[in-house]
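# Geometric and topological summary
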Amino acid sequence: MTSALTVFGYTMLRRKDFGRRRALGTTRLTIILLIAVQVLITALLAVAMGVAAAYAWLTLRDDPTPPAPFALAVGTALATLATLAATLPATLAARRDPVRELRVP
């Protein structure tokens, strides 16, 4: 939910940019993919840093660490859910009228 709200705010801030892209001929699918790939890259970096920090913390405390496939599965699930949460705001941004967006100050 937080990821979707963040991406929604991001797309509202960049609505003029997306409007310009649409006016110049960019397809709706391209805008959706652009936003989704940006969120995916950010989510993958966040997952990598989170897993590294968790393993470092558990190692420093001499606690047992979970197996690597478990960490990979959780990281994959988090990155996938973040990207899926970004598709609704991306779709809304792609469906806006480009001429109307260019008129907004």
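Residues numbered from 1 in each chain as written. Predicted model: local features only at pLDDT ≥ 70, side-chain atom pairs only at ≥ 80, totals over all residues. Heavy atoms only, no water.

### Regarding the overall build of the protein
Convention followed: Helix and strand labels come from DSSP, where a helix needs a run of H or I of at least four residues and a strand needs a run of E of at least two; each type is numbered from the N terminus. Values of the radius of gyration come from C-alpha atoms, whereas the globule rule sets the reference at 2.2 Å times the count of residues to the power 0.38.
If you tally the helices and strands in the protein, you get 5 helices and 0 strands. Order of helices (α) and strands (β) in the protein, N terminus to C terminus: α-α-α-α-α. For a compact globule of 105 residues, the expected C-alpha radius of gyration is about 13 Å, and the protein comes in at 18 Å, more than 25% above that figure. With respect to the three principal axes, the spread of C-alpha positions in the protein is 60 × 25 × 20 Å.

### Here we look at unusual backbone geometry
Stated formally: The buried label applies to any residue whose accessible area, calculated with a 1.4 Å probe on protein chains only, is under 20% of its type's maximum; exposed applies above 50%, and partly exposed to all values in between.
Backbone geometry at Asp62 places phi at a positive 60°, although glycine is not the residue there. Along the chain, Asp62 falls in the loop between α3 (28-60) and α4 (68-94). Residue classification places Asp62 among the exposed residues on the basis of a relative accessible area of 69%.

### Focus: the packing of helix α2 (residues 15-23) against α3
Our working rule: For helices, the fitted line uses only the C-alpha atoms of the stretch in contact; every axis is such a line through C-alpha atoms, and the angle between N-to-C directions lies from 0 to 180 degrees. If you view the pair so one helix is near and one far, a crossing is left-handed when the near helix is turned anticlockwise from the far one by less than a right angle, and right-handed when it is turned clockwise. The contact rule is simple, with two residues in contact once any of their heavy atoms fall within 4.5 Å. Side-chain classes are defined by residue name, with Ala, Val, Leu, Ile, Met, Phe, Trp, Tyr, Cys and Pro counting as nonpolar, Asp, Glu, Lys and Arg as charged, and the others, Gly among them, as polar.
Two numbers describe how α2 lies on α3: the axes approach to 10 Å, and their chain directions differ by 145°. With respect to the hand of their crossing, α2 and α3 are arranged in right-handed fashion. Residues Phe18, Arg21 and Arg22 of α2 form the contact with α3, whose own contacting residues are Arg28, Ile31, Leu34 and Ile35. Tallied by class, residues from the contact of α2 with α3 come to 4 nonpolar, no polar and 3 charged.

### Observations concerning α2
Just so we agree on the cut-off: As used here, the arc is the angular range of directions from the helix axis to the C-beta atoms.
Burial in α2 covers these residues: Phe18, Gly19 and Arg22. Buried positions in α2, seen along its axis, are confined to an arc of 105° and lie on one side of it.

### A short note on the environment of Ala56
With respect to the secondary-structure elements, Ala56 resides in helix α3. Relative accessible area serves as the criterion here: at 39%, Ala56 is assigned to the partly exposed category. Considered as a pair, Ala56 and Thr76 are 20 residues apart in the sequence and their alpha carbons are 20 Å apart.

None of this, on its own, says anything about what the molecule does.
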